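Geometric and topological summary
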Amino acid sequence: MAIVYQKTKGLTDAELHYCPGCTHGIVHKLVGETLEELDVLGKAVGVAPVGCAVFAYDYFNCDMQEAAHGRAPAVATGIKRVLPQHVVFTYQGDGDLAAIGIAEAVHSAMRGEKITVIFVNNAIYGMTGGQMAPTTLVGQKATTAPLGRDPGHYGSPIRMSEMLATIDGAAYIERVMVTTPASVMKAKRSIKKAFELQIAGLGFTMIEVLSTCPTNWGLTPVESLEWVKENMLPVFPLGVYRDVTKEEA
Ligand SMILES: Cc1ncc(C[n+]2csc(CCOP(=O)(O)OP(=O)(O)O)c2C)c(N)n1
Ligand code: SF4
């Protein structure tokens, strides 16, 4: 019988540990498919975060390196500079990238490191049980903001894509979501473009993916997908924030 669909070779056979309705798994699939389609699995090196995606080193079917919390772009910098022909990416949550690791993210972009950052923004610290992240929405409850995020006390959500897009070393920055089949397909094209521009040597690339955390949001998987659309989209609009190929044209 003809095979019409099969799991990407970009992922190992390890069973994902993510909660039901968590979109980390979808993002893994898109990155794995991209690496396979670009035929770079043999020379790809991923850097795993600390967070729910810590076991990414078991899931991606390429060389992987674990980094300390937030340090993935610094580790990726070292790998890419030593192995410039390799395709190097980080996979990071919002606690990892936008809190403890914000300096590494900003300075990697500033230096124009030729790496691809996959930034999974679920507006909460997932792994550690729902503490407030820099991207937590105003009014959103977290264990460290039990009455909801009050901007006067905690500040307002940080928009990493918009901020990094102002940095000259950034070659491609886009925010996508994975809540519908169409948006998943769009996210895949965006991830592929980021890797292609890395391979073309144009500079720092990042795809921010709006993601779900049903467990810590206290919602069902289906409610979580709606929550992304209703609550995250107005604060984190989708779109391309930087594309040097368009600027040069
Ligand atoms: C240096 C250090 N500080 C804090 C922690 C605890 N810690 C582990 S994961 C995490 C947050 C993870 O949240 P996020 O990056 O948003 O990823 P998610 O789990 O939501 O995918 C924190 C604070 C740690 N492991 N190391
Ligand atoms: S805690 Fe949240 S981010 Fe972590 S696996 Fe579960 S749903 Fe996903």
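Coordinates for the structure precede this section.
Computed from a predicted model, the values in this text were never measured in an experiment.

Let's shift gears to the overall build of the chain. The number of helices and strands found in the chain is eleven helices and seven strands. On C-alpha atoms alone, the chain measures out to a radius of gyration of 17 Å, which is about the 18 Å that the 2.2 N^0.38 rule sets for 249 residues. Principal-axis analysis of the C-alpha atoms gives the chain an extent of 50 × 50 × 35 Å. Burial analysis of the chain (249 residues in total) assigns 53% to the buried set. For the chain, contacts bridging at least 24 residues in sequence account for 68% of all contacts bridging at least 6. Roughly 10800 Å² of accessible area belongs to the chain as shown, and the carbon and sulfur atoms make up 59% of that amount.

Bringing the packing of helix α3 (residues 72-82) against helix α5 (residues 102-110) into the picture now. Axis angle and axis distance: for two packed helices, these are the angle between their axes and the distance between the axes, and together they describe the pair. Contact pair α3 / α5: the axes reach a minimum separation of 7 Å and the direction vectors enclose 40°. Judged by the angle between their axes, α3 and α5 are oblique. Along its contact with α3, which presents P73, A74 and T77, the element α5 presents E104, A105 and S108. Classifying every residue of the contact of α3 with α5 by side-chain character gives three nonpolar, two polar and one charged.

On to the site of ligand 1, then. Residues in close proximity to ligand 1 total 16 residues, the closest being H24, C52, G95, D96 and G126. The backbone of C52 places a nitrogen or oxygen atom 2.8 Å from an oxygen atom of ligand 1. Against a free-state accessible area of 590 Å², the protein chains account for coverage of 73% of ligand 1. In terms of residue count, the dominant contributor to the shell around ligand 1 is helix α4 (residues 94-100) (four residues). Of the residues contributing to the shell around ligand 1, the split by class is six nonpolar, eight polar and two charged.

This part takes up the side chain of S108. With respect to the secondary-structure elements, S108 resides in helix α5. S108 gets classed as buried once you look at its relative accessible area, which sits at 0%. Setting aside residues up to four positions removed in sequence, S108 forms contacts with P73, A74, T77, E113, I115 and F204.

In the region of ligand 2, the neighbouring residues are Y18, C19, C22, H24, C52, N122, G126, C213, P214, T215 and N216. Of the residues belonging to the shell around ligand 2, the class tally is six nonpolar, five polar and no charged.

Time to look at the environment of K192. Positionally, K192 belongs in helix α8 (residues 181-199). On the basis of relative accessibility, which here comes to 23%, the residue K192 falls in the partly exposed class. Note: C-alpha distance between K192 and T34 (158 residues apart in sequence) is 5.6 Å. When sequence neighbours within four positions are dropped, the list of residues in contact with K192 reads T34, E37 and L38.

Between helix α1 (residues 24-37) and α8, the least distance of the axes is 9 Å, while the angle of their chain directions is 50°. On the basis of the axis angle, α1 is oblique to α8. Considering the relative orientation of α1 and α8, their crossing is right-handed. Between α1 and α8, the residues in contact are I26, L30, V31, E33, T34, L35 and E37 and V184, A187, K188, I191, K192 and F195, respectively. For the contact of α1 with α8, the residue count by class is eight nonpolar, one polar and four charged.

Scoring rules and cut-offs
Residues numbered from 1 in each chain as written. Chains lettered and ligands numbered in written order. Predicted model: local features only at pLDDT ≥ 70, side-chain atom pairs only at ≥ 80, totals over all residues. Heavy atoms only, no water. Helix = DSSP H or I, 4+ residues; strand = E, 2+ residues; numbered from the N terminus. Rg over C-alpha atoms; globule rule 2.2 N^0.38 Å. Buried < 20%, exposed > 50% of the residue type's maximum accessible area, 1.4 Å probe, protein only. Contact = heavy atoms within 4.5 Å. Areas by Shrake-Rupley, 256 points an atom, 1.4 Å probe, with all protein chains shown as cover. Axes fitted to C-alpha atoms, helices over the stretch in contact; angles between N-to-C directions. Parallel < 35°, antiparallel > 145°, perpendicular 65-115°, else oblique. Nonpolar A, V, L, I, M, F, W, Y, C, P; charged D, E, K, R; others polar. Near = heavy atom within 4 Å. Polar contact = N/O pair within 3.5 Å; in protein donor to acceptor, adjacent residues only side chain to side chain. Left-handed = near helix turned anticlockwise from the far one by under 90°.

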